Amino acid sequence: MTATLHLGQTLSFSDDPFHAGIDAARHHRNGGIVVENGKIAAVGSADELKREGLAEVDHGDKLIVAGFVDAHVHYPQTAMIASWGKRLIDWLNTYTFPEESRFKDRAYADDIAGRYLDILLANGTTTVCSYCTIHPESVDAFFTAAEARGMRVLAGKTCMDRNAPDTLRDTAQSAYDDSKRLLQHWHGRGRASYVITPRFSPTSTPEQLQALGDLWAEHPDCLMQTHLSEQVDEIAWVKSLFPKARDYLDTYEAFGLLGTNGLYGHAIYLEPREHARLSEVDAALVHCPTSNTFIGSGLFDMGGLKRAGMRVGLATDTGGGSSFSMLRTMAAAYEVGQLKDRPLHPAELLWLATQGSARSLRLDDTIGNLAPGLEADFVVLDLASTPAISQRSERADDIWEALFPTIMMGDDRAIAATYVAGAKAGA
Ligand code: GUN
Ligand code: ZN
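Now for a look at the structure at hand.

Reading the values: rules and limits
Per-chain numbering applies: the sequence of each chain, read as written, is numbered from 1 onward. By the order in which they are written, chains take letters starting at A while ligands take numbers starting at 1. In keeping with the model being predicted, local features are shown solely for residues with a pLDDT of at least 70 and side-chain atom pairs are shown and tallied solely at 80 or more, while totals for entire chains, interfaces and linings include all residues. Side-chain descriptors were evaluated using all non-hydrogen atoms of the structure, hydrogens and water having been removed beforehand. For the purposes of this entry, the term helix denotes a DSSP run of H or I that reaches at least four residues, the term strand denotes a run of E that reaches at least two, and both are numbered from the N terminus. Throughout, the radius of gyration refers to the C-alpha atoms, and the reference size of a globule is 2.2 Å times the residue count to the power 0.38. In this scheme, a residue with accessible area under 20% of its type's maximum is buried, one over 50% is exposed, and one in between is partly exposed, where area comes from a 1.4 Å probe on protein chains only. In what follows, a contact means two residues having at least one pair of non-hydrogen atoms within 4.5 Å. Per-residue and other accessible areas follow the Shrake-Rupley method at a 1.4 Å probe size, with only the shown protein chains counted as cover for residues. For the charge count, each Lys or Arg is scored as positive and each Asp or Glu as negative, with His and the chain ends excluded. Here the site of a charge means NZ on Lys, CZ on Arg, CG on Asp, or CD on Glu. In this scheme, strands are said to pair when DSSP sees at least two bridges between them. Any N, O or S atom lying within 2.8 Å of the metal counts as a donor, and for Na, K and Ca the limit rises to 3.2 Å; water is left out, so some sites can look incomplete. In this scheme the shape depends on donor count and angles: four donors with every angle between 85 and 135 degrees give tetrahedral, four or six donors with opposite pairs above 155 degrees and others between 65 and 115 give square planar or octahedral in turn, and any other case is irregular. Classification of ring pairs uses Phe, Tyr and Trp, with its six-membered ring standing for Trp, and accepts pairs whose centres are within 6.5 Å; under 30 degrees between planes counts as stacked, over 60 as edge-to-face, and the remaining range as tilted. Put simply, a charge is over a ring when the Lys NZ or the Arg CZ is close to the ring centre, within 6 Å, and near the line of the ring normal, within 35 degrees.

## Things to note about the overall build of the protein chain
Helix and strand content of the protein chain: 16 helices and 16 strands. A globule of 427 residues ought to have a C-alpha radius of gyration of about 22 Å, and the protein chain, at 21 Å, matches this closely. Oriented by its inertia axes, the alpha-carbon framework of the protein chain measures out at about 65 × 45 × 40 Å. The proportion of buried residues among the 427 residues of the protein chain is 62%. Across the protein chain, contacts joining residues at least 24 apart in sequence account for 75% of those joining residues at least 6 apart. For the protein chain, the exposed surface amounts to about 15,700 Å²; the carbon and sulfur share of it is 49%. Computed over 39 positive and 56 negative side-chain charges, the separation of the two mean positions in the protein chain equals 2 Å.

## Notes on the sheet that holds strand 16 (residues 423–424)
Here we have seven strands laid out as an open sheet, ordered 3-2-1-4-14-15-16, and mixed in their pairing. Since the sheet does not close on itself, it has two edges, and those belong to strand 3 (39–45) and strand 16, each with one partner. Pairing analysis gives nine bridges linking strand 1 (residues 4–13) to strand 2 (residues 25–36), with the strands arranged antiparallel. Each bridged residue has a counterpart across the sheet, and for Thr10 the counterpart in strand 2 is His28.

## Side note on the pairing of strand 14 (residues 378–381)
Residues Phe378 and Val380 of strand 14 are buried on one face, and the alternating residues Val379 and Leu381, pointing to the opposite face, are buried as well. Relative to strand 14, strand 4 (residues 55–66) is paired through four bridges, and the arrangement is antiparallel. Each residue of the ladder has a partner; that of Ala66, found in strand 14, is Phe378. Across four bridges, strand 14 lies against strand 15 (residues 415–420) in antiparallel orientation. Bridge pairing in strand 15 places Val380 opposite Ala417.

## Considering the coordination of the zinc ion (ligand 2)
The protein atoms that coordinate the zinc ion (ligand 2) are His72 (NE2), His74 (NE2), His227 (NE2) and Asp317 (OD), at distances spanning 2.0 to 2.5 Å. Each of the four donor atoms bound to the zinc ion (ligand 2) contributes to angles spanning 89 to 162°, and the resulting shape is irregular. If you list the donors of the zinc ion (ligand 2) from N- to C-terminus, the spacing comes out as H-x1-H-x152-H-x89-D. For the pair His72 and His74, a shared accessibility class is recorded, and that class is buried.

## Points about the packing of aromatic side chains
Counted by the stated rule, this structure contains 13 aromatic pairs. Relative to Trp351, the ring of Phe18 has its centre 6.1 Å away and its plane inclined at 65°; by these criteria the two rings are edge-to-face. Taken together, the residues span a long stretch of sequence, with Phe18 in helix 1 (residues 17–20) and Trp351 in helix 14 (residues 346–360) at a distance of 333 residues. Taken as a pair, Phe18 and Trp351 share a single burial class, namely buried. Taken together, the ring pairs in this structure connect Tyr75, Phe103, Tyr108, Tyr116, Phe142, Phe143, Trp186 and Phe324 into an aromatic cluster. Arg102 extends its terminal NZ or CZ atom over the ring of Tyr108, reaching a point 4.1 Å from the ring centre. Positioned above the aromatic ring of Trp186 is the side chain of Arg189, whose terminal nitrogen or guanidinium carbon lies 4.9 Å from the ring centre.

## Description of the environment of Gly320
Here Gly320 is to be found in the loop between strand 13 (311–314) and helix 13 (326–339). Taking the relative accessible area as the measure of exposure, Gly320 reaches 0% and is therefore buried. Each C-alpha atom of the pair Gly320 and Asn292 lies 8.0 Å from the other, and the pair is 28 residues apart in sequence. Aside from chain neighbours lying at most four places away, what touches Gly320 is Gln77, Trp91, Thr290, Ser291, Phe294 and Ile295.

This is the structure in structure tokens:
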């Protein structure tokens, strides 16, 4: 396959800007990336990279960045996003569970999975880590749709054997058996990774949590994803269901579901013991800011958790989240940061949406940055995609002032192109 040089502005990272400061970001005003065989072969200034015989795609003054990585989503909630007026438990019972019940029908699951992934690509997201439903069909549909688009995705069958309608309950044994079969089929196949997925401790019996803990012990290279300490009412419910547990995290820890490849969504109300244990095992947390405001959950402590050295990813959490866009999600993370007295710099926001999320998924050596050897998933951003954004970015003195209006006000119109493993999506 011939190599292609993509010319434009480029922005990449040599380190985590939360720790290394914004000098960790590398900006080339006249830059480029060379893509060969689906991977990034070189990143640098246009002058350094140009050579005879190299195909060129000139993106002008648009900005090339890594494709966005959304570390926590529920693709089956695509069709019920933006459902009004409920908080977590009522929202699940009223809107979510009836919709998820439909995914037993493979044709329906295929339709939503395809629709969802096309929306993602239009929004510049090239990797997601998704919950499916209890139905194996929903997992097959999702991985099949991602494979057809060449996307690197992570997903798993959502397991629930209590506190859910009949149509959405499995058992401890069937959750183990189905998850194992799906894992053996999909994990490591092409760009797919299987994720062991107990929904959250209120919808799993101790027997089911233990069965999934056993499965994880058999496959420790897999990620395990679940929800943790999202809403005050939820935490009280967990306490009543697990009276012997020291805290919410203990309802996972006691059954082998705390580990270094664990991915814990929300994590807003952590007790000191939970904080210490998550830190000790180097588990990852996922910040879902549009969801946390939409469902009224609370304010994630990004500053404190990053200072403590935790790995943190960023996510839409659709359909609890109110947008498929990681730009909108960065904006919400900024706003939540302001409410917590820790305004996030645009470099930190972009890092979270790319390398930070990739790191939470243990994929930072594979995706989430512009660097030689990484897979060529990248986005071309138009920093003047609407009149309102354009009139602001025109006055910018540096790349951060030029980028921030797109982070705060941008949407899919700012995504000039999305490339997956070097190929233009939708072309
Ligand atoms: N907790 C358990 N299930 C869910 C879900 O689908 N969305 C959110 N936001 N929280 C959850
Ligand atoms: Zn979720």
